[in-house]
Protein chains: 2
Amino acid sequence: MDAKTLCLGALMHGEASGYEIRKLFEGGPFSAIYDVSYGSIYPALTVLLDKEWATCCVAEQDGRPDKKVYSITSDGRAAFLDALASTPAPDKMRSEMLFILSFGDHLPRANVLNLIDRYIADYEGRLGSIHDCGDDTDLPAVRRFVHNFGITMYETALDYLRTHRADLTEESNLALDSTIAIKNQPAVSGSMQ
Amino acid sequence: MDAKTLCLGALMHGEASGYEIRKLFEGGPFSAIYDVSYGSIYPALTVLLDKEWATCCVAEQDGRPDKKVYSITSDGRAAFLDALASTPAPDKMRSEMLFILSFGDHLPRANVLNLIDRYIADYEGRLGSIHDCGDDTDLPAVRRFVHNFGITMYETALDYLRTHRADLTEESNLALDSTIAIKNQPAVSGSMQ
DNA sequence: CCAGCATATATCGAACCGATACAAACCGTT
DNA sequence: AACGGTTTGTATCGGTTCGATATATGCTGG
């Protein structure tokens, strides 16, 4: 799914600037679904203008810099619905937190617990912003389905982290020297069939 | 988190070929955590050899093509632990499925249900392969923490999809023509503060 | 016997990220 | 009033990564 399609999707919800589109994916209604950066958004918007899938006009604001507001055209809407018809790629997750945590045996236990705490704080923020960005009730059925899916996943993650963090504090006095130990250990061999 | 670090992480579990590393991220123990492609893995392994963070030897197999087996060095292990110490970036999710579903109002209801079915099938497969790739009990505490986190998330997703799919079949006779209708509708404006 | 599949390595162009630069306007503060 | 910090806003660029493709070996089923 390329940045053009993602921008068109954002514009389906109404006209927006590049900055506002980014906010939709960062804390907004798309935050639990997809991620896209400025470096993709601005070039994509230029292409959308080229293809006449969007129009643009400058809006002056008071107390803020001017912004370039983009609107989707009917050609753009058609192209977007066309893109939606393609078979979706499987979900891709990228969690540096979990990756690091999965090597927690080689780290001091205190660092692991600290990491989990920051993980919890991160997801608390996500859950907060997803709640802020819209009310459950005034959404059509399918939108509500996706909205609540995100909330459910976040709440489950938080619940898991909070309850099972305790399991790691119990035995926190044991095996604190594993970090040093690993430096002299050979890689585990033969474990990969 | 660059491909080099991800490969080093894979090699921390034991020696492996490029192909095997990929499998660790696709169906293996890293599948719920991170994703990395061949196009990143093979160049990364070359760099690891350059930096002497890994060694390589060719292994002949019967009934299969030869493979180049990589092992992490002690320098590599040090570099890896060093990389783990950096502050992790927030999780990034990329779900084309959910993105398409979030525009389900513009799609025929039958397509939406079909999408959900394929979503369920996908996550059933993930849950299956994560169960195959290791036993809960023989893992150290922190590894078990991450392992069960993945299982919990997958099970929650499946549970949500299965139960709430029904909500969308109830009213499946209504608003079947929304796909056509949208083509003549202007974009919703003013909804973005 | 041949098509299809799993194993295996490798590359390449297109796409994308993250950091950075720039700028306008606000805020508090010393 | 000058200063630094934050938010809003547009834009680019180097380096990284993806996804598709090419190539090859050998197994298996029809």
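Up top is the structure these notes are about.
Since the model is a prediction, treat every value here as computed from it, not as a measurement. (Residues numbered from 1 in each chain as written. Chains lettered and ligands numbered in written order. Predicted model: local features only at pLDDT ≥ 70, side-chain atom pairs only at ≥ 80, totals over all residues. Heavy atoms only, no water.)

K.L.:
Which parts of the structure should I look at to understand the interface of chain B and chain A?
P.N.:
Reports of interface size often rely on the accessible area that becomes lost once the parts have come together. In this complex, chain B contributes 80 residues to the contact, which on the side of chain A involves 80 residues. The largest contributions to the chain B side of the interface with chain A come from Asp91, Phe99 and Phe145 of chain B, which together make up 11% of the buried area. On inspection of chain B and its partner chain A, the count reaches zero salt bridges. For the pair chain B and chain A, the number of links is 20 residue pairs in polar contact (both at pLDDT 80 or more). Looking at the side of chain B that touches chain A, the elements that each hand over two or more residues are α1 (3-12), α2 (18-25), α4 (74-84), β3 (92-94), α5 (96-101), α6 (109-132) and α7 (141-170) of chain B. The dominant element in the side of chain B that touches chain A, judged by the number of residues it contributes, is α7 of chain B, at 17 residues. Per-class residue counts for the side of chain B that touches chain A are 46 nonpolar, 16 polar and 18 charged. With three bridges joining them, strand β3 (residues 92-94) of chain A and β3 of chain B adopt antiparallel strand pairing. Paired with Met93 of chain A across the two strands is Met93 of chain B, which belongs to β3 of chain B. (Contact = heavy atoms within 4.5 Å. Buried area = accessible area lost by both parts, 1.4 Å probe. Salt bridge = Lys/Arg side-chain N within 4 Å of Asp/Glu carboxyl O. Polar contact = N/O pair within 3.5 Å; in protein donor to acceptor, adjacent residues only side chain to side chain. Helix = DSSP H or I, 4+ residues; strand = E, 2+ residues; numbered from the N terminus. Nonpolar A, V, L, I, M, F, W, Y, C, P; charged D, E, K, R; others polar. Pairing = 2+ DSSP bridges.)

K.L.:
How do you make sense of the protein's contact with DNA strand D when you look at a structure like this?
P.N.:
Lining the immediate surroundings of DNA strand D are 23 residues, of which Gln61, Lys68 and Arg94 of chain A together with Asp2 and Ser40 of chain B lie closest. Atoms of DNA strand D within 4 Å of the protein belong to the sugar or the phosphate in 73% of instances, the rest to bases. Between DNA strand D and Tyr42 of chain A, the relevant distance is 2.9 Å, taken from a phosphate oxygen to a side-chain nitrogen or oxygen of the residue. A distance of 2.5 Å separates a phosphate oxygen of DNA strand D from a polar atom in the side chain of Ser40 of chain B. Looking at the surface near DNA strand D, the elements with two or more residues in it are α2 (18-25), α3 (38-50), β2 (67-72) and β3 of chain A together with α3 (38-50) of chain B. For the surface near DNA strand D, a count of residues per class yields seven nonpolar, eight polar and eight charged. (Near = heavy atom within 4 Å.)

K.L.:
Honestly, helix α1 (residues 3-12) of chain A in this entry has me stumped. Any pointers?
P.N.:
Residues and elements named next belong to chain A. Summarising burial for α1: nine of the 10 residues are buried, a large majority. All of the buried residues in α1 are Ala3, Thr5, Leu6, Cys7, Leu8, Gly9, Ala10, Leu11 and Met12. Just past α1, the residue Gly14 takes up positive phi, approximately 135 degrees. (Buried < 20%, exposed > 50% of the residue type's maximum accessible area, 1.4 Å probe, protein only.)

K.L.:
How should the pattern of salt bridges be read in this particular structure?
P.N.:
For side chains bearing opposite charge, pairing can occur when the charged atoms are close. Residue and element names in this part refer to chain A. Applying the stated criterion across every chain yields a total of 14 salt bridges over all chains. Taking the shortest distance from any N to any O, the salt bridge between Arg126 and Asp122 comes out at 3.4 Å. Here Arg126 and its partner Asp122 are both found in helix α6 (residues 109-132), four residues apart, which amounts to about one turn of the helix. For Arg126, a relative accessible area of 15% gives the class buried.

K.L.:
Looking at this structure, how should I read the nonpolar core?
P.N.:
Considering soluble globular proteins, one finds that nonpolar side chains tend to be buried as a cluster. Counting residues in hydrophobic clusters, the biggest one holds 110 residues, and the most contacted among them are Ile21 and Phe25 of chain A together with Ile21 and Phe25 of chain B. Those residues in contact with Phe25 of chain A that lie beyond four places of it in its chain are Leu6, Ala10, Phe30, Ser31, Tyr34, Asp35 and Val36 of chain A together with Phe99 of chain B. (Core = buried A, V, L, I, M, F, W, Y, C linked by side-chain atoms within 4.5 Å.)

K.L.:
Sorry, what's going on with the relation of the copies chain B and chain A here?
P.N.:
Think of it as a corkscrew move, a rotation about one axis and a shift along it, taking one chain copy to the other. Its rotation angle being 180 degrees, the transformation that places chain B on chain A also includes 0.0 Å of axial translation and leaves an RMSD of 0.0 Å. Such a turn and shift between the copies fits a two-fold axis. The position closest to the rotation axis in chain B is occupied by the C-alpha of Met93 of chain B, lying 2.4 Å away. Comparing interface residues between copies, 100% of those in chain B also sit at the interface in chain A, which points to an isologous, same-surface contact. (Least-squares fit on C-alpha atoms with pLDDT ≥ 70 in both.)

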